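Understanding the architecture of this molecule
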Amino acid sequence: MSGSSDEAAWWQSAVIYEIALVSFQDSNGDGKGDFAGLMSRIDYLKWLGVDAVWLTPIYNSPFRDLGYDISDYCSIDPAFGSLEEFDGLLEALHAADIRLVLDLVPNHTADDHTWFVESSSSRNSAKADWYIWADPAENGGPPNNWLSRFGGSGWEWCKARRQYYYHSFLVEQPDLNWRNPDVRAAIADTMRFWLDRGVDGFRVDASAVLIKDQLLRDNPPNPHAKDKPPPQRQTTVFTDDRPETMDCIEFIRDVIDSYSGRMLCGEVQGKTDRIGHFYGNDRPRLHLPLNFALLDSQWDALSLQATIDAYFNAIPEQAWPVWAIGGHDKQRIASKIGEAQMRVLAMLLMTLRGTPFFFMGDEIGRKRVPIPSDRVRDPFEKLVPGFGLCRDPERAPMRWDDSAAGGFTDGDPWLPLESSGTPNVAEQQRSERSVLALFRALIRLRREHACLRQAGYEPLRSRDDVLAYGRTDGGAEILVALNIAAEPRKWHWLGRGRLLMSTHLDRPSETLPEASILLRGNEGVIIELEAR
Ligand code: GLC
């Protein structure tokens, strides 16, 4: 599985940083992040060392769902700036050696998209078959029992057509009909619009739900529904992860492959045992199906090892691994594991074999931001409250400094920030041993050691709370030992080693006198073995 540096594609060696543009940096005081704000933070991205940025949707949108409700795939939402500003941003990022990945939302549009306006106007319109339409059931109700992920029936009645349309998410997010070749062609055109401008790739949103059962069969009940929110009380066998969906992903990949050097990653929503399918067989699918398994793992050495092993075993031999530790839909992991283990996770992320993804704010160990109920913006939480699944706590504006609005805006931030005295960029940039300093040092180390980027992964049997593994690439060999406990643990290895880094950033980088080390509580180390 190892390869030399000149074989590696950029997305294999890149560290990828997700930015929710609306919460990154505001430039005009309207309380929402924008292109000009992001432009002013390119120096920060460069300083941090990330190689690529993935932006949540930037397109014209009523913004009911963080911009995942798109009114026009080929225009910029005025809150973010203009197309000229976008081109300028792309140029500036490229000049800083940072690639740009956009969100592609092929499953649904907003209901004010002209395609839907036309499709819903009549059964005889030219776009009549662009969305998923069905006649009522015999009793006049919805065609079947499919649920929306955002609560209630997935079907909405349309008077003009006297039919229902299907929406996997909000009523205002009708699902496109991916069985229709015209829809595919139209989405391919929108991809080319951005690829022609020079974007480096896409993250495919909701890629596992593009096709639904043609016979519209009812989803069976979920036997594990107890305590789950209502949308999860069905087993979604007829709406999610249908085999025909893979054909759509292959189609999207063909568009990407008609350009050189572009990348396709995607949200696969699946469990580890399904992820392998998203790489493709004879025909390629996603380069990087996003893998969030570390977020779901129990936080102890044996569970983590099992999680990591299960993932490596689940992906095809030639597949390039991916590790994501945060995202705009995921609860902040720092809230679950605490700041001390966040440092350990940073080391794990940057030393596992595969492309690391993290979400803005993870690099300062940001925790979930409390959102008062009258400030909630997440439509999921509004429609399915009370399950603790609101996504606003992760989407709150970036905390650049300790001021009330966090250096994010001069105005009123669209979502509130947490109280001051919490992690912020300015303070952590001043401190040599902050979580931020650790992320930066790890990214650098990864850049300096081809072995960390490309070498194979060799699990070492974890014991006594220490998660350990090696990265071996012919000559070079690196060992990583992570103490998941808060108490010291002794760890041994074979051979002469040089310490490259400790998560505490306070050990000298030097040859170690013995083949063992006393790890402090919550400490991880990276050791380079001398060639035997
Ligand atoms: C994806 C996005 C999520 C959004 C949903 C509907 O899952 O990541 O944020 O709510 O699609 O568009």
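No experiment lies behind these values; they were computed from the predicted model shown. (Residues numbered from 1 in each chain as written. Predicted model: local features only at pLDDT ≥ 70, side-chain atom pairs only at ≥ 80, totals over all residues. Heavy atoms only, no water.)

Counting 144 residues, the largest nonpolar core has Tyr-17, Leu-45, Ile-58, Phe-202 and Phe-358 as its most contacted members. In terms of residue count, helix α11 (residues 333-351) provides more of this core than any other element does, 11 residues in total. Sequence-distant contacts of Phe-358, defined by excluding residues within four places in its chain, comprise Val-15, Ile-16, Tyr-17, Glu-18, Leu-48, Val-50, Ile-325, Leu-349, Met-350, Glu-363, Phe-439 and Ile-443. If you look at the next biggest cluster of nonpolar residues, it comprises 13 residues, including Val-466, Ala-468, Trp-491 and Ile-517. (Core = buried A, V, L, I, M, F, W, Y, C linked by side-chain atoms within 4.5 Å. Buried < 20%, exposed > 50% of the residue type's maximum accessible area, 1.4 Å probe, protein only. Helix = DSSP H or I, 4+ residues; strand = E, 2+ residues; numbered from the N terminus. Contact = heavy atoms within 4.5 Å.)

Another aspect to go through is the domain arrangement of the protein. Its domain assignment divides the protein into domain 1 (10-108 + 181-442), domain 2 (109-177) and domain 3 (457-529). Placing a centre on the C-alpha atoms of domain 2 and another on those of domain 3 gives a separation of 56 Å. (Domains from an automatic or database assignment.)

The next point concerns the confidence of the model for the protein. Taken over all residues, the pLDDT of the protein has a mean of 96, while the share at 70 or more is 98%. Per-element mean pLDDT across the protein ranges from 89 in strand β14 (residues 456-463) up to 99 in strand β1 (residues 16-19). (pLDDT = per-residue confidence, 0-100.)

Once that is clear, we can look at the site of the ligand. Near the ligand there are 14 residues, and of these Asp-65, His-108, Asp-205, His-328 and Asp-329 occur at the shortest range. Between the ligand and the protein, one listed contact pairs an oxygen atom with a side-chain N or O atom of His-108 at 2.8 Å. Here an oxygen atom of the ligand sits 2.9 Å away from a polar atom, N or O, in the side chain of Glu-267. Considered on its own, the ligand offers 310 Å² of accessible surface; in the complex 98% of this is hidden by protein. In terms of residue class, the shell around the ligand is made up of three nonpolar, four polar and seven charged. Composition of the shell around the ligand by domain shows at least three residues from each of domain 1 (10-108 + 181-442) and domain 2 (109-177). (Near = heavy atom within 4 Å. Polar contact = N/O pair within 3.5 Å; in protein donor to acceptor, adjacent residues only side chain to side chain. Areas by Shrake-Rupley, 256 points an atom, 1.4 Å probe, with all protein chains shown as cover. Nonpolar A, V, L, I, M, F, W, Y, C, P; charged D, E, K, R; others polar.)

The next subject is the sheet that holds strand β2 (residues 52-55). Strand pairing in a sheet relies on backbone hydrogen bonds, with the paired strands running either antiparallel or parallel. Read across the sheet, eight strands follow the order β11-β10-β9-β5-β2-β1-β13-β12 without closing on themselves; strand pairing throughout is parallel. Each end of this open sheet is capped by a strand with a single partner; those strands are β11 (288-289) and β12 (322-324). Where strand β9 (residues 201-204) lies against strand β10 (residues 263-266), four bridges are found, and the strand directions are parallel. If you follow Gly-201 over to β10, its bridge partner there is Met-263. (Pairing = 2+ DSSP bridges.)

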